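# Summary of structural features
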Amino acid sequence: MSYEPTRFVKIAWTSPPRCLAGFAAEPVKESLPVERVLDEQAFFHLRCPCGSAALRILGYPNHLVAGYLLCPISAQCSMCDKVIPLFDAQEHGYDGEFGYPGYSVRGGGEPRSFECPHCSGVTFEAYPTFSYQMYEPDITPQEWAHIQDFFDWFVLTVRCDHCGILSDAADYECA
């Protein structure tokens, strides 16, 4: 299957969603080796501003879907220890931009490190994916000004630094 990114994806690659502002975010212009890839998906690879791509993913246990984290999600650099906010469904994505209360579940208390489901490793390369399944005539001029922030789905795919296997750490519908 060929990957032919849409106009919205290309805009996001040029101006990444604001939730990535704390990272050095590099567009991934070939699809990741995951099960299902849509032309509406924008892939990124994250690095800490210090240059390290080895990140601990922090979030909250999801008792409804084992192995996935609840937001707010952040990443902690394994080199400089900086903690960088990554995603919160109440603030990011289509519903977050409009301030809708949404139906996404959030975690609370102390965040925990995501562990690789294959080897229990705790450092990863992070590949957030944003989906833009939109109908252009419905987009207002105010939305066009920062259309990259109006994604309708967020998935955080990670590659374990220990075993090299890709896993999903979080998956959120945002619209």
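Residues numbered from 1 in each chain as written. Predicted model: local features only at pLDDT ≥ 70, side-chain atom pairs only at ≥ 80, totals over all residues. Heavy atoms only, no water.

### What about the environment of Y127?
- As for its placement among the helices and strands, Y127 is situated in strand 7 (residues 124-131).
- What makes Y127 buried here is its relative accessible area of 10%.
- When the C-alpha atoms of Y127 and T14 are compared, they prove to be 16 Å apart, with 113 residues separating the residues in sequence.
- When residues no more than four places from it in sequence are discounted, the contact partners of Y127 are V28, L32, F44, H45, V155, L156, T157 and R159.
- At a separation of 3.3 Å, a polar atom in the side chain of Y127 contacts the side chain of E125. (Helix = DSSP H or I, 4+ residues; strand = E, 2+ residues; numbered from the N terminus. Buried < 20%, exposed > 50% of the residue type's maximum accessible area, 1.4 Å probe, protein only. Contact = heavy atoms within 4.5 Å. Polar contact = N/O pair within 3.5 Å; in protein donor to acceptor, adjacent residues only side chain to side chain.)

### What to know about unusual backbone geometry
- In this structure, the amide linkage connecting C71 to the following residue, P72, adopts the cis form with an omega of 5°.
- Within the secondary structure, P72 is located in strand 4 (residues 69-77).
- Its identity is not glycine, yet S120 carries a phi of approximately 70°, on the positive side.
- Checked against the element boundaries, S120 lands in the loop between strand 6 (112-113) and strand 7.

### Points about the packing of aromatic side chains
- Following the criterion strictly, the structure yields 14 aromatic pairs and no others.
- Between Y3 and F43, the ring centres sit 5.6 Å apart and the planes meet at 65°, which makes this aromatic pair edge-to-face. Separated by 40 residues along the polypeptide, Y3 in the segment before helix 1 (7-14) and F43 in strand 2 (residues 41-47) bring together distant segments of the chain. In this structure, Y3 and F43 share a single accessibility class: buried.
- An aromatic cluster is defined as three or more aromatic residues linked by ring pairs; in this entry it consists of F44, F87, F130, Y132, F151, F154 and Y172. (Phe/Tyr/Trp six-rings, centres within 6.5 Å; stacked < 30°, edge-to-face > 60°.)

Function cannot be inferred from these measures alone, as they are strictly geometric.
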